[in-house]
Amino acid sequence: MAERVIRGSINFFATIPIGTDIPTEARNCVHDVLTAALRAADPVDAIRAHVSWHGNALRVNNTEYALPPGRKVCVFGTGKASAVMAATLEEIIGERIATGWVNTKYGHAVSTRRVTVHEAGHPLPDERGLIGTRRMLELLRQTSQEDLILCPISGGGSALWTLPVEGVSLADIATLTDALLRSGATINEFNAVRKHLSQVQGGQFVKVAHPRPVVSLILSDVVGSPLDVIASGPTVPDPTTFADAWAVLEKYQLLGRIPLSVEKHLQRGLTGEVPETPKPSDPVFAHTQNVVIADVAMAAEAAASRARGLGFHTLLLTTRLGGEAREVGYFLAGIARTIHERGEPSPRPACVVAGGETTVTVRGSGLGGRNQELALAAALGIEGLPNTLIVAWASDGGDGPTVATGAIVDGGTVSRARSRGLVPERYLQNNDSHSFFRDLGELWVTGPTRTNVNDLTLIFAF
C-alpha cells in the first residue's frame, strides 16, 4: 500500500518552530490550513481521481485503453512524487504492470512491488540520475510496440531524468544547472535551456517510445501548468527553440561562464547542424495523452476553503505568484500591515492565500531557498506588528538546496533575532536565509511530503 502523503505522515503542528510567538489556538489554525492544502495535492487521491481499471481496459479520464491478454502496461516516470504515484498505479492495475522504473529524489522512495524506485540527485543532477535514466530507456526498448506506457511525472524531473546530448558531460550539466539556479531565471527559461541539452526532455522520451501509446499523469509544480515546462516536458511537444535557449543565456549574462561544450551544442542547433526538439506537428505525439492531475490552484483553494471554515475572512490572492523572492516578501508584508491598519483587503481575523513560485538572484555566498528568503524579507516588513503571521512553504517539504520546508515568521521574529546578536539585514544581503533561521533556532523542517505543486504563502492576521 502506498504511503499517504499527509494522512499520518506530516504533522505540521509538531513541526512549527517552537520559538515563534504563536499561541496554541493560532498554531492549530495554521496546522489545519496547511494540512488541507497538502491533502488536496495528495498524488494518491489525484491518481485515483483520474485512473481506473474496468475489466480488460484502463480508463484515464474519458479515454479508454483496451488491454487484452498479452498487451502489457509499463510504468516509467520521474520526479519527487513519482514513487508514490507509481505505487498507486500498482494498487489500481496490479499484476498487469509488467515492468517499470522511476527516478525520484533521495529520501522520497516508497515501497513498490513491480516498479523499481531509483533515488538520485536534485536539484543538481548526479551519476545515479544518469544511470537510472539509461536503465529506464533500456527497459523501454525491451517492451512491445503494442504495450501501454504510463508516465507518472512530477516536479524535479528535469534533474532526475538526466541524459545529456553527446559531447556534453554530466558535470557540464551540473555546472550549468548551478549557474541557472543562481541567475534568477524563471523555471520556464531554465527548462528551455535544459530541453535542448537532453536526450529525453522536450518531448524526446515520446520520440524514443514511438509508436507505443504514452499516457502521462502529471503533478504540476509550474505556475499555470504549462505541460512543456513541468519536468522539462519529456512527453510533450516543445514550443521552444535553440534560439530561445541561447537568449536565456544572453539575458542572464551566462555566456563565457558556463561549460564551452554547452555553448558549442547550442550553436550547432542555431545553425541547423543539430535537429530541433520535436514540435506540436510531429506525428510521434499522435498516440500521447498528457493529463494534469493536481496543481497549486487545487492546494490554494483547499487552504482558502479551510481558513474560511475556521472563521477567517479569506482572500485567495493569486495562484500565479512570482518575481524576486525578497521583493514578494516585502509586498506581502505590506498587505499584512494594511490589514492591521485599515482592515483591507480583508478584516481581521484574516487569511490571505497565494500560490506560485518566486525566484532568487544569488549575489551573496550564503545558503537559502526562495521561501526562506521571502519569509526573511517579510519578517523585516512586519517587524513589531502584533498578531500577524506569514508562512512561506514549499509543498514538497524541501526549500531549494536545504532541508527546510520554508519559514514561518511573525512580528517578533526580527526582535528575537536582534536579542541574540543577529543582524537580519546582513543575512538577507548575503542570500543566507537558511543560516538566519538556523541561528535563530526557528528552522522549519517537515521532511518530504511526497507531493510537489509549487509553493504556498499565507498571511494570517488574528
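Scroll up a little and you will see the structure.
Residues numbered from 1 in each chain as written. Predicted model: local features only at pLDDT ≥ 70, side-chain atom pairs only at ≥ 80, totals over all residues. Heavy atoms only, no water.

**A look at empty space enclosed by the protein**
Selection criterion: Here the term cavity refers to a set of points on a 1 Å grid, laid over the protein atoms alone, in which a 1.4 Å probe fits but cannot get out; the term pocket refers to an open set having protein on both sides within 12 Å along at least five of seven lines, with lining residues being those that place an atom within 4 Å of a point. Grid points are joined across faces, edges and corners, and a volume is the space filled by probe spheres set on the points. Only Asp, Glu, Lys and Arg are considered charged, only Ala, Val, Leu, Ile, Met, Phe, Trp, Tyr, Cys and Pro nonpolar, and every remaining residue, Gly among them, polar. The helix and strand labels rest on DSSP assignments: H or I over at least four residues marks a helix, E over at least two residues marks a strand, and numbering proceeds from the N terminus.
Under the criterion given, the structure shown has 3 cavities of 30 Å³ or more. Approximately 80 Å³ is the volume attributed to the largest cavity. Lining the largest cavity are Ser 158, Trp 161, Thr 162, Leu 163, Pro 164, Ile 173, Arg 194, Leu 197, Ser 198 and Gln 201. Classifying every residue of the lining of the largest cavity by side-chain character gives 5 nonpolar, 4 polar and 1 charged. One number sums up the size of the second largest cavity: a volume of about 40 Å³. Around the second largest cavity, the lining residues are Leu 321, Ala 354, Gly 356, Glu 357, Thr 358, Asn 371, Leu 374, Asp 455, Leu 456 and Thr 457. Among the elements of the structure, strand S11 (350–356), helix H14 (370–381) and strand S14 (455–461) are those that each provide at least two residues to the lining of the second largest cavity. Top element by residues in the lining of the second largest cavity is S14. It accounts for 3 residues.

**Remarks on the sheet that holds strand S4 (residues 73–78)**
Spelled out, the test is: A pair of strands is considered paired only if DSSP assigns at least 2 bridges between the two. Every axis in this analysis is a line fitted to C-alpha atoms, fitted for helices over the stretch in contact. Angles between the N-to-C directions lie between 0 and 180 degrees. Residue contacts are counted whenever heavy atoms from the two residues lie within 4.5 Å of one another.
The strand order S6-S5-S4-S7-S8-S9 describes an open sheet built from 6 strands, whose pairing is parallel. Strands with a single pairing partner mark the edges of an open sheet, and in this sheet they are strand S6 (116–120) and strand S9 (288–294). Across the sheet, the mean angle separating the axes of adjacent strands is 15° when strand polarity is ignored. With 5 bridges connecting them, strand S5 (residues 97–105) and S6 associate as parallel partners. Paired with Val 102 across the strands is Val 117, a residue of S6. Taken strand by strand, helix H3 (residues 43–50) contacts strand S8 (214–219) and S9, and its axis lies near 135° from that of S9.

**What to know about the pairing of S8**
Heads up, the condition is: Burial classes: relative accessible area under 20% of the type maximum marks a residue as buried, over 50% as exposed, and values in between as partly exposed (1.4 Å probe, protein chains only).
In terms of burial, S8 is a largely internal element, 6 of the 6 residues being buried. Burial along S8 is two-sided: the face carrying Val 214, Ser 216 and Ile 218 and the face carrying Val 215, Leu 217 and Leu 219 are both buried. Of the strand pairs in this sheet, strand S7 (residues 148–154) and S8 are connected by 6 bridges, and their pairing is parallel. What sits directly across from Ile 149, in S8, is Val 214. Bridge analysis of S8 against S9 gives 6 bridges, and the strand direction is parallel. For Val 215, the partnering residue across the bridge sits in S9 and is Gln 289.

**Observations regarding the pattern of salt bridges**
The criterion, for reference: Salt bridge, as used here, is a side-chain nitrogen of Lys or Arg placed within 4 Å of a carboxyl oxygen of Asp or Glu.
In the structure shown here, the tally under the stated rule is 22 salt bridges. We note a salt bridge from Arg 342 to Glu 344, for which the minimum N-O separation is 3.6 Å. The exposure class assigned to Arg 342 is exposed, which follows from its relative accessible area of 60%. With its nearest N and O atoms 3.2 Å apart, the salt bridge here joins Asp 410 to Arg 416. Considered together, Asp 410 and Arg 416 belong to a single accessibility category, that of buried residues. In the salt-bridge network here, residues are joined through shared partners; they are Lys 195, Asp 228, Asp 238, Glu 276 and Lys 279.

**Quick notes on the packing of aromatic side chains**
Convention followed: Only rings of Phe, Tyr and Trp enter the pairing, Trp through its six-membered ring, and a pair is recorded when the two centres are within 6.5 Å. The plane angle decides the type: under 30 degrees is stacked, over 60 is edge-to-face, the rest tilted. Look at NZ for Lys and CZ for Arg. If either is within 6 Å of the ring centre and within 35 degrees of the ring normal, a charge sits over the ring.
Going through the model one piece at a time under the given rule, you end up with 6 aromatic pairs. On the numbers, 5.8 Å between centres and 70° between planes, the contact of Phe 312 with Phe 462 is edge-to-face. Of this pair, Phe 312 sits in the loop between helix H12 (296–309) and strand S10 (313–321) while Phe 462 sits in the segment after S14, and the two are 150 residues apart along the sequence. On the accessibility criterion, Phe 312 (6% relative accessible area) is buried. Residue Phe 462 is classed as partly exposed on the basis of its relative accessible area of 28%. Relative to Phe 437, the ring of Phe 436 lies with its centre 5.0 Å away and its plane at 80°, an arrangement referred to as edge-to-face. On the accessibility criterion, Phe 437 (1% relative accessible area) is buried. Seen from the ring of Phe 190, Arg 194 lies directly overhead, with NZ or CZ sitting 3.9 Å from the centre.

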